[in-house]
Amino acid sequence: MKQPHHPAAPAVPVSMPQLVLDVRADGTMTALLDGQPVTPPVGAGPWRRAGFAQIIDHATRERQMPVRVTVHESDGSTFTDILPATRRSRRQSPTPPSEPTTMARRAEPVPIDGGHGFLAGEDVAIALVTGHTDASHHGQVRALLDPTIIAATHAHEVVLIGRVSGTITIRDLP
């Protein structure tokens, strides 16, 4: 009997690297990848809380490998998440745009029926789901956002929605 052909799956490491971020009260932090210090680029100054995404990109060679991230906050709380590798590569040169043969048309807007229950004239935020994370055993949430998504959407806020609790939190982006 002939075996069905399955395309080769991407290689998965036997063990996943662990990035540990220790946040100090002043917002600076240290980073260890598998127990080895991850130093900031020359001239960049110390790692800071606002640079979570940059630290992860730096430690994982632009997210070429999955990583388990553990954040130890200065108040003693700890958050852990697993971030998958991405398929992006900065080594590839962008392809030049081809000459359009016809006038490009703007895509039609996608209508969304938002349901009922809002107050008349109420400002209603619109958010696209770009990922999920789990709340800690204390019910707290930390999320690591890809800065390219923030830049592409020109977002200024993030909305966190508890699928079971129904909790909705809106936060300004740094």
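Please refer to the structure higher up on the page.
About the cut-offs
Residues numbered from 1 in each chain as written. Predicted model: local features only at pLDDT ≥ 70, side-chain atom pairs only at ≥ 80, totals over all residues. Heavy atoms only, no water. Core = buried A, V, L, I, M, F, W, Y, C linked by side-chain atoms within 4.5 Å. Buried < 20%, exposed > 50% of the residue type's maximum accessible area, 1.4 Å probe, protein only. Helix = DSSP H or I, 4+ residues; strand = E, 2+ residues; numbered from the N terminus. Contact = heavy atoms within 4.5 Å.

Points about the nonpolar core
Counting 17 residues, the largest nonpolar core has Leu 19, Leu 21 and Val 69 as its most contacted members. Secondary structure elements with two or more residues in this core: strand S1 (18-23), strand S2 (28-33), helix H1 (52-59) and strand S5 (67-72). Here this core gets four residues from one element, more than from any other, and that element is H1. With near-sequence residues (within four places) excluded, Val 69 lies in contact with Leu 19, Leu 21, Ile 56, Phe 79, Thr 80, Asp 81, Leu 83 and Leu 144.

Description of unusual backbone geometry
Unusually for a residue other than glycine, Asp 34 sits at a positive phi of about 50 degrees. For His 154, which is not glycine, the phi dihedral falls at a positive 55 degrees. You can see His 154 is positioned in the loop between helix H2 (147-153) and strand S7 (157-161). We classify His 154 as exposed; its relative accessible area is 60%.

Overview of the environment of Gly 131
Relative to the helices and strands, Gly 131 is located in the loop between strand S6 (78-83) and H2. Judged by its relative accessible area of 46%, Gly 131 falls in the partly exposed class. Placed 12 residues apart in sequence, Gly 131 and Ala 143 show a C-alpha to C-alpha distance of 9.1 Å.

None of this, on its own, says anything about what the molecule does.
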